[in-house]
Amino acid sequence: MKTEELIEKIVSWTRDKVLTAGCKGVVVGMSGGVDSSVLAVLCHQAFPQNMLGVLMPCHNSPAAVEHAQAVASQFSIPTKIVTLDSVFDILLEILPNDRTDPLTSQIAKGNLKARLRMLTLYYFANQLNYMVAGSSNRSELSIGYFTKYGDGGVDIMPLGSLVKGQIKELARFLNIPQQIIDKPPSADLWEKQTDEDELGFSYEELDRYLITGEANEELRKKIESMIAASNHKRQPPPVAMF
């Protein structure tokens, strides 16, 4: 499929899902990364008058906000900035921290940031009668690399069937700033965090496996294990039937 045709399909699909739900537009969290930048631009095409980008710094690197603002400025996307530092800090003060394992504590704090952002996006969505569009892609969704009820807590995922490499292709076609395309993917949930360091493999390797099934035995087992372990994150909560 040509890039132009793919963009038209994403824009049309987004518009159809929102209007069918009786909503007026879309709200998107803009993190300064390539996925959210592409999503924001396409959602703005779908709803030029009814789209809002929300920047939600929470002890982020300054570059993340700068990159999000650069995209918003280049494509004339209306934005709101909600700084979550103090809310996050207050929650950490009142929540117990019984874990001694630093990694477990770090992940819990990172997930807390993602869930605060979800709350913020739905606040705006409820006020405006918009839907929340999430920027997760197929690569992330397949292995569960997202926060349940955080960045995974959205109404629609227009990019959810595209692997990371396809998102970058769209970014180049849309003329997203090159520095955003080139920087290491990161959820920016803690200092110097990058997706690929945390995963232990590259998106290129993951994309290849998802598209072709090709990977060395060690990588294949690791990916398949992550897919199986995260299956609950991709399903609605099970309902007990008696």
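The following paragraphs examine the structure supplied in this document. (Residues numbered from 1 in each chain as written. Predicted model: local features only at pLDDT ≥ 70, side-chain atom pairs only at ≥ 80, totals over all residues. Heavy atoms only, no water.)

A look at the environment of Thr 83
Within the secondary structure layout, Thr 83 lies in the loop between strand S3 (79-81) and helix H4 (85-94). Residue Thr 83 is classed as partly exposed on the basis of its relative accessible area of 46%. For the pair formed by Thr 83 and Leu 39, sequence separation is 44 residues and the distance between their alpha carbons is 21 Å. (Helix = DSSP H or I, 4+ residues; strand = E, 2+ residues; numbered from the N terminus. Buried < 20%, exposed > 50% of the residue type's maximum accessible area, 1.4 Å probe, protein only.)

Focus on the pairing of strand S2 (residues 51-55)
With five of five residues buried, S2 is to be regarded as a mostly interior element. Burial along S2 is two-sided: Met 51, Gly 53 and Leu 55 and Leu 52 and Val 54, pointing in opposite directions, are all buried. Where strand S1 (residues 25-29) meets S2, four bridges bridge the pair, whose relative direction is parallel. Looking at the pairing, Gly 29 lines up with Val 54 of S2. As paired elements, S2 and S3 share three bridges and run parallel to each other. Paired with Val 54 across the strands is Lys 80, a residue of S3. (Pairing = 2+ DSSP bridges.)

Remarks on the nonpolar core
In terms of nonpolar packing, the biggest core is built from 37 residues, with Val 28, Met 30, Val 38, Leu 42, Ile 77, Leu 159 and Ile 176 touching the most fellow members. When contributions to this core are tallied by element, the ones reaching two or more residues are helix H1 (3-20), S1, helix H2 (34-46), S2, helix H3 (62-74), strand S4 (130-133), helix H7 (164-174) and helix H8 (178-182). In terms of residues, this core owes the most to one element, H2, which gives eight residues. Setting aside residues no more than four positions away along its own chain, Val 28 makes contact with Ser 36, Leu 39, Ala 40, Cys 43, Met 51, Leu 52, Gly 53, Val 54, Leu 121 and Ala 133. In this structure, Leu 52, Val 54, Phe 88 and Tyr 130 belong to the second largest nonpolar core, which totals 14 residues. (Core = buried A, V, L, I, M, F, W, Y, C linked by side-chain atoms within 4.5 Å. Contact = heavy atoms within 4.5 Å.)

With respect to the side chain of His 67
Relative to the helices and strands, His 67 is located in helix H3. Apart from residues lying up to four places away in sequence, His 67 is in contact with Gly 32, Gln 179, Ile 180 and Lys 183.

Digging into the packing of helix H10 (residues 203-212) against helix H11 (residues 217-229)
The geometry of H10 relative to H11 is characterised by a closest axis approach of 11 Å and an angle of 80 degrees between their N-to-C directions. Considered as vectors, H10 and H11 are oriented roughly perpendicular to each other. Residues Glu 205, Leu 206 and Tyr 209 of H10 pack against Leu 219, Arg 220, Ile 223 and Glu 224 of H11. Here the contact of H10 with H11 is composed, by residue class, of four nonpolar, no polar and three charged. (Axes fitted to C-alpha atoms, helices over the stretch in contact; angles between N-to-C directions. Parallel < 35°, antiparallel > 145°, perpendicular 65-115°, else oblique. Nonpolar A, V, L, I, M, F, W, Y, C, P; charged D, E, K, R; others polar.)

Re the sheet that holds S3
Either a parallel or an antiparallel arrangement is found when strands of a sheet pair, and the pairing is made through backbone hydrogen bonds. Overall, parallel pairing links the four strands, which are arranged S3-S2-S1-S4 in an open sheet. Either end of the sheet is taken by a strand with one partner, and the two such strands are S3 and S4. With direction set aside, neighbouring strand axes in the sheet form an average angle of 25 degrees.

Some details on unusual backbone geometry
Keep in mind that most residues, glycine aside, have a negative phi and that most peptide bonds are trans. Even without glycine at this site, Asn 129 takes up a positive phi of about 60 degrees. On the secondary structure map, Asn 129 appears in the loop between helix H5 (102-128) and S4. Assessed through its relative accessible area of 33%, Asn 129 is described here as partly exposed. The backbone of Tyr 149 sits at a positive phi, close to 60 degrees, despite the residue not being glycine. Inspection of the secondary structure assignment puts Tyr 149 in the loop between helix H6 (138-143) and H7. Under the relative-accessibility criterion, Tyr 149 is labelled partly exposed at 45%.

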